Structure formats: structure tokens, C-alpha cells
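What the coordinates show
Residues per chain, in single letters:
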Amino acid sequence: MVAFGSLGAVGTYSNITSVFHRSATALGVVSAGEGATLVLALVLVGLTMLGQSSPAAVRVGLWTLPAVASLTGAAVAKTTTEAVVFAITPMAMCVSAEGMGLLARRIVVYRTGVDAEAQRRNAAVIQKLAYHRARAANHPDEDARKDSELESWKLAKRVGTGDALLGSHLVDVQRERMTAGADAALAGMFALPVTAPAPGVTAAPEPLAVEGAGEEGVTPPVTEEDTQVTPEFETAPSEPVTAVTPPVELPVTLEEIAAVAGVPAPAVGEPLTDAQLVVVLRHLRYLDDPPLSYRQAVAAFREAGFVGGEQRVRRAWGSLMSHEESEA
């Protein structure tokens, strides 16, 4: 991308030199167009790699400066053909700058799972939406309330636009609902029927044979002596009775799971390997009973401060589920 933009700068320098026959003038045009665009591109890449959104001036400048250089080239050209060529040449740097910024942004989203640019846009939309909702509810002017009501519905369409993480989370929610529905349907289809006794048939207990009874199956009356219960064991009053407390089962720690898996203990805030991601997800999944779902485990993963892209976490979860199914 840098080489492509450099070729555009060389072309602009050659075009301006052919018109003014002064290298200083050509270098000034190149610096004002391609050079300034390159500076803004480096600023964009640096901010993106730091996980921050780019200011509006940087994003506007990436297109404004090459456009100014294009207009300059078209204005100094002597013929229409030269004007077209001179106008197209500076746009190479614009494409290169946007490409570098987009690639850096995608790398950061893949590695960390955080899209700062999408968060900036959604925050701005939600802020405007909150203002217009309050204005539509409490403004004294009726026309102002109607305008804010209409504007609120327009802004509602833009909430979450371009947020890939929001889309993946919504898909996970729907997947869990479909899984629960399918499980309930299959449980109803394949449940075994309970065999009940035939109506009117009651199983009677067998009569007890009592020695000395006059008739078979007749139980003699119970006397007071029969109701006395002799304790089998007697405890001396002086001897205290000690209650046996069952041992408390301590939860398995993350370090113990990592040691069993043969990987270094995962650290918060540091990039994790695929094996470490599986260890962390296994630990978080079984912290509660019943075990956590994918969405709950990912939320706990982010809240704990672990670092991992959405796709890598999804692959690690699939590996964990496959391992559990094989064990089952």
C-alpha cells in the first residue's frame, strides 16, 4: 500500500514538473497532497492499533487532501486528457491510506474483539436518541416534540449498524433459543410413557401371620408393652456427641486446569494461545451450576479482562464442546 501511494506521489510530481518546470513547485504540491495524506494515514493506523477511534478531522482529511491535489492537477493541465490524468493520479494515496486504516482496524477487531470505530458511531447515535426521546417527552413546544419523535425513529434504524459483534451476539441468542426449543420438542417426542395400574385394581398387602392368632390373617390388638421401644445404644450424658462435617469440595482453580492441560497459566490482559483460550473457557463454564452457555461464558471472559478475538474464542468454544461430547 505504501508503494502504491508512493507511485502516485511520483506521478503527481512528474505531472506538475511538466507544467511549471520547477521541482520546488512540484514538491510543494506533492507535500500538500500525498505527503499530508500519508501523515494522516499514519495517525489513523496508530490510533486504530491503540484501540481508539479516529477524530473526524483525520477521516475527512484522508479524502479532502487528495481531492485538493486532484483539483490542482486538473486546473494546471493544458488539455482535457492531461486534466483527467492529473486528477486521477493523487487518488492513489487516498486509496492506500484508507486501505491501511481498514486493515489495521480489522486486525485489532480480530485480536481483541473490540471495534472502537463501531462503538464511537453507536455511542453518538445513542446519545442523539436519548436527547430526542427526552425532548419528545418534555419539551414545551408541541412542534418540537413531534420533530424529536420523528427523529427518534430515524435514529433507531441506525443503532448497531456496522457492529459485527452485536450481530454475532444476537445470532448466539437466537441459536440458544432454537436449541432450547428443539430440545423440548425432542424430549416430548422421545419421552418413555409411564405404565399405570389398570383402573379398579388395587394391590393389597399380604396378611401377616401372627403366632397364636385364632384366625389366619387377623392381627391381635396392640398392647402398651408392645409400644415400648428399648434403645439399642445408650450414650452417657457426660460424653459429648460430635457431629461429622462432610469435607468441603474446593473448586478447581484456573492454574490447576492449565497445569493439567500442560500450558502456561493464562494471564489477564495478555494475548492467549488457542490452548489457553480453551483452558479459560473451561474454567469459566464450570464456575456455576448449571454450566454457563456460550454467551454467558463470553460475557464472563470479557468481564474478567482476558484478551481474545471473537472468532478465536468461538473456535476455542467449539473445541471445548467437541471434547465434552467425546468424553460423554
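Residues numbered from 1 in each chain as written. Predicted model: local features only at pLDDT ≥ 70, side-chain atom pairs only at ≥ 80, totals over all residues. Heavy atoms only, no water.

This brings us to the overall build of the protein. A count of helices and strands for the protein gives 13 helices and zero strands. Along the protein, from the amino end to the carboxyl end, the secondary structure elements read α-α-α-α-α-α-α-α-α-α-α-α-α. When burial is assessed residue by residue, the protein has 29% of its 328 residues classed as buried. Taking the contacts inside the protein whose residues are at least 6 apart along the sequence as the reference set, 62% of them involve residues at least 24 apart. If you sum the accessible surface of the protein, you get close to 22300 Å²; carbon and sulfur atoms cover 63% of it. (Helix = DSSP H or I, 4+ residues; strand = E, 2+ residues; numbered from the N terminus. Buried < 20%, exposed > 50% of the residue type's maximum accessible area, 1.4 Å probe, protein only. Contact = heavy atoms within 4.5 Å. Areas by Shrake-Rupley, 256 points an atom, 1.4 Å probe, with all protein chains shown as cover.)

So, on to the nonpolar core. Nonpolar side chains tend toward joint burial in soluble globular proteins. Of all hydrophobic cores here, the largest spans 22 residues; its most connected members are Val280, Leu281, Phe301, Val313 and Trp317. Of all elements in the fold, only α10 (254-261), α11 (274-285), α12 (294-304) and α13 (310-327) reach the threshold of two or more residues within this core. Counting residues per element, this core draws most heavily on α11, at six residues. Residues contacting Val280, with those up to four places away along its chain left out, are Leu254, Pro266, Leu272, Phe301 and Phe306. Core analysis: the next-biggest nonpolar cluster, separate from the first, contains eight residues, Ala26, Val29, Ala83 and Phe86 among them. (Core = buried A, V, L, I, M, F, W, Y, C linked by side-chain atoms within 4.5 Å.)

Inspection of the secondary structure assignment puts Leu150 in helix α7 (residues 142-156). Look at Leu150 and you get exposed, because its relative accessible area is 55%. Along the sequence, Leu150 and Arg133 sit 17 residues apart, while their C-alpha atoms lie 9.8 Å from each other.

Moving on: the confidence of the model for the protein. Of all residues in the protein, 78% attain a pLDDT of 70 or more, and the chain-wide mean is 76. Element-level mean pLDDT values for the protein span from 52 in helix α9 (residues 224-227) up to 89 in α11. Low pLDDT (under 50) marks residues 208-218, which in the prediction has five contacts with non-local residues, meaning those over four places away or in another chain. (pLDDT = per-residue confidence, 0-100.)

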